[in-house]
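Architecture and fold: a report
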Amino acid sequence: MNDTTAKPALPDRLAGNPRSPHFVAECFEHQIGIRFNGKERTDVEEYCISEGWVKVAAPKALDRRGQPLLMTLKGTVEAYYK
């Protein structure tokens, strides 16, 4: 990884699914860390800092398209580059 390139600012809302309107490919060229309620989370699919929620995949449930169902958890969200 080349640290001389400028990292784009993390948006207020970001999704990991490329089909989402909140997906920003430039942000995923670098490792992103999410701290939710003071603890590091590695299973976050989508987040919104201003509204204070993250979406994580349900353990076994799938929707009709075969995608995992997402559960919304509310709390304090911090996003940063690792």
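Residues numbered from 1 in each chain as written. Predicted model: local features only at pLDDT ≥ 70, side-chain atom pairs only at ≥ 80, totals over all residues. Heavy atoms only, no water.

The name given to the chain in an unreviewed UniProt entry is Glutathione peroxidase, with the source organism recorded as Vibrio furnissii.

**What about the sheet that holds strand S7 (residues 77-81)?**
Inclusion rule: One requirement defines pairing of two strands: DSSP has to find at least two bridges between them. Strands here mean DSSP runs of E at least two residues long; helices mean DSSP runs of H or I at least four residues long; both are numbered from the N terminus. Orientation is described by lines fitted to C-alpha atoms, with helices fitted over the stretch in contact, and by angles between N-to-C directions that extend from 0 to 180 degrees.
Across the sheet, three strands lie side by side as S3-S2-S7; this open sheet has antiparallel pairing. Looking at strand neighbours, the two that pair on one side only are strand S3 (39-41) and S7, the edges of this open sheet. Going from strand to strand, the sheet's axes swing by 35° on average, the running direction of each strand aside. Here three bridges tie strand S2 (residues 32-36) to S3, and the two strands are oriented antiparallel to one another. Pairing of phenylalanine 36 across the sheet is with lysine 39, part of S3.

**Thoughts on the pattern of salt bridges**
Keep this limit in mind: Just to be clear on terms, a salt bridge is a Lys or Arg side-chain nitrogen sitting within 4 Å of an Asp or Glu carboxyl oxygen. Between buried and exposed lies partly exposed: a residue is buried under 20% and exposed over 50% of the maximum accessible area for its type, with that area taken using a 1.4 Å probe on protein chains only.
Taken as a whole, this structure holds four salt bridges when the rule is applied. Note that glutamate 78 is salt-bridged to arginine 35, the shortest N-O span being 3.3 Å. Of this pair, glutamate 78 sits in strand S7 while arginine 35 sits in strand S2, placing them 43 residues apart in sequence. Of the residues examined, glutamate 78 reaches a relative accessible area of 37% and is grouped as partly exposed. For arginine 35, a relative accessible area of 29% corresponds to the partly exposed category.

**As for the sheet that holds strand S6 (residues 68-74)**
Whether parallel or antiparallel, the strands of a sheet pair through hydrogen bonds between backbone atoms. Taken together, four strands build an open sheet; the order of strands is S1-S4-S5-S6 and the sheet is antiparallel. The sheet is open, and its two borders are formed by strand S1 (13-15) and S6, each paired with just one other strand. On average, adjacent strands in this sheet sit at an angle of 25° to one another, irrespective of strand direction. Pairing analysis gives three bridges linking S1 to strand S4 (residues 44-48), with the strands arranged antiparallel. Bridged to alanine 15 within S4 is glutamate 46.

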